[in-house]
Amino acid sequence: MTLLRDAALTAAFDGASTAYDRLVGANPGYHRQLRRSARRLALPGGGEGLRVLDLGCGTGASTAALLAVAPRAEITAVDASAGMLGRAAAKTWPGNVSFVHAPAEELGRAGVRGPFDAVFAAYLVRNLTAPDEVLSGVRGLLRPGGRLAVHEYALSGAGRHRLVWTAVCRSVIIPAGSLGPGGPGLYRHLWRSVLEFDTAPRLRDRLTAAGFEAARVVPMPGWEHGILHTFLARAPYGGRGGRGGHGGRHGDPGKRP
């Protein structure tokens with residue numbers, strides 16, 4: 001199948017938005033793994049005085065994960081899908097959380113500018129048409145030494161992990177998604193996009209090529225070991241932090257069982 005991109009992907013998220021929380025809620029580890037990646041940012045003092053950008057916030061699961069580990073941070077959550085963002089914004093949030101409707105290429109036009117102390121990108125990079133360009137823009141949004149955590153399905157490269165991913169998608173994810181609004185298209189995209197995306201070492205190297213320092217990969221436990229990872233990196237201390245205009249387009253086709 002042809003992977004969904006740009007307007008087609010946004011439309012697929014819009015169509016699936018009303019049932020999305022119910023689908024991801026069927027995966028007991030989904031929210032726990034997001035919080036695990038958010039904790040790996042190691043933000044001090046509960047985020048007091050920090051600005052954090054949540055790229056591809058979807059219906060707000062990644063935003064809630066950030067809020068759980070950095071309740072005092074100023075969190076700006078961004079997504080390109082009006083449907084997903086509307087579901088997120090309709091929930092109850094404290095005053096330090098705000099939502100912005102914008103695609104990756106248009107954050108600056110939407111008034112979102114750095115410097116940020118940290119960026120959290122959950123299920124985002126795999127869905128970008130130009131990931132290298134966006135990652136370079138993300139680096140520009142960070143203050144020198146600012147932290148990045150990418151929470152992403154990126155296979156280890158081992159054949160067994162490809163087999164496990166395909167088995168779970170065919171037996172659970174695609175059938176469950178087919179029962180909701182929008183049909184199976186988004187979930188077939190999820191399956192194929194992971195198979196065709198970077199391996200975990202390749203995505204780590206992509207962060208380095210985009211100008212980040214100290215890039216490393218931390219796996220998740222359980223059945224997602226070798227499938228789901230946290231990628232951690234920081235903006236160079238000698239670099240120029242942030243008034244760049246790139247950011248998150250879609251964070252969610254990993255946000256499902």
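A brief look at the structure comes next.

Reading guide: rules and limits
Residues numbered from 1 in each chain as written. Predicted model: local features only at pLDDT ≥ 70, side-chain atom pairs only at ≥ 80, totals over all residues. Heavy atoms only, no water. Core = buried A, V, L, I, M, F, W, Y, C linked by side-chain atoms within 4.5 Å. Buried < 20%, exposed > 50% of the residue type's maximum accessible area, 1.4 Å probe, protein only. Helix = DSSP H or I, 4+ residues; strand = E, 2+ residues; numbered from the N terminus. Salt bridge = Lys/Arg side-chain N within 4 Å of Asp/Glu carboxyl O. Contact = heavy atoms within 4.5 Å. Pairing = 2+ DSSP bridges.

Moving on, we get to the nonpolar core. Y20, L34, F120, Y153, W165, L186 and Y187 are the most contacted members of the largest nonpolar core, which has 48 residues in total. Contributions of two or more residues to this core are made by helix 1 (6-25), helix 2 (30-39), helix 3 (61-69), strand 4 (116-122), strand 5 (142-153), helix 6 (159-178), helix 7 (185-196) and strand 7 (228-234). L124, L135, L142 and A154 belong to the second-largest nonpolar core, a separate cluster that totals 32 residues.

Within this structure, the stated rule accounts for 10 salt bridges. A salt bridge links K91 to D21; the nearest nitrogen and oxygen atoms lie 2.9 Å apart. Taken together, the residues K91 in the loop between helix 4 (82-89) and strand 3 (97-101) and D21 in helix 1 connect sequence positions 70 residues apart. Look at K91 and you get partly exposed, because its relative accessible area is 33%. Taking relative accessible area as the criterion, D21 reaches 28% and is therefore assigned partly exposed. With a closest N to O distance of 2.8 Å, D117 and R143 form a salt bridge. Taken together, the residues D117 in strand 4 and R143 in strand 5 connect sequence positions 26 residues apart. Taken together, the salt bridges that share partners define one network made up of D132, D198 and R206.

Quick look at helix 3 now. For helix 3, the full list of buried residues reads A61, S62, T63, A65, L66 and L67. Against the buried residues of helix 3 lie helix 2, strand 1 (51-55), strand 2 (74-79), strand 3 and strand 4.

This next bit is on the pairing of strand 7. Among the seven residues in strand 7, six count as buried, and that is most of the element. Sheet topology places strand 5 next to strand 7; seven bridges connect them, and they run antiparallel. Bridge pairing links H151 to T230 in strand 7.

Nothing here speaks to function; it is all geometry.
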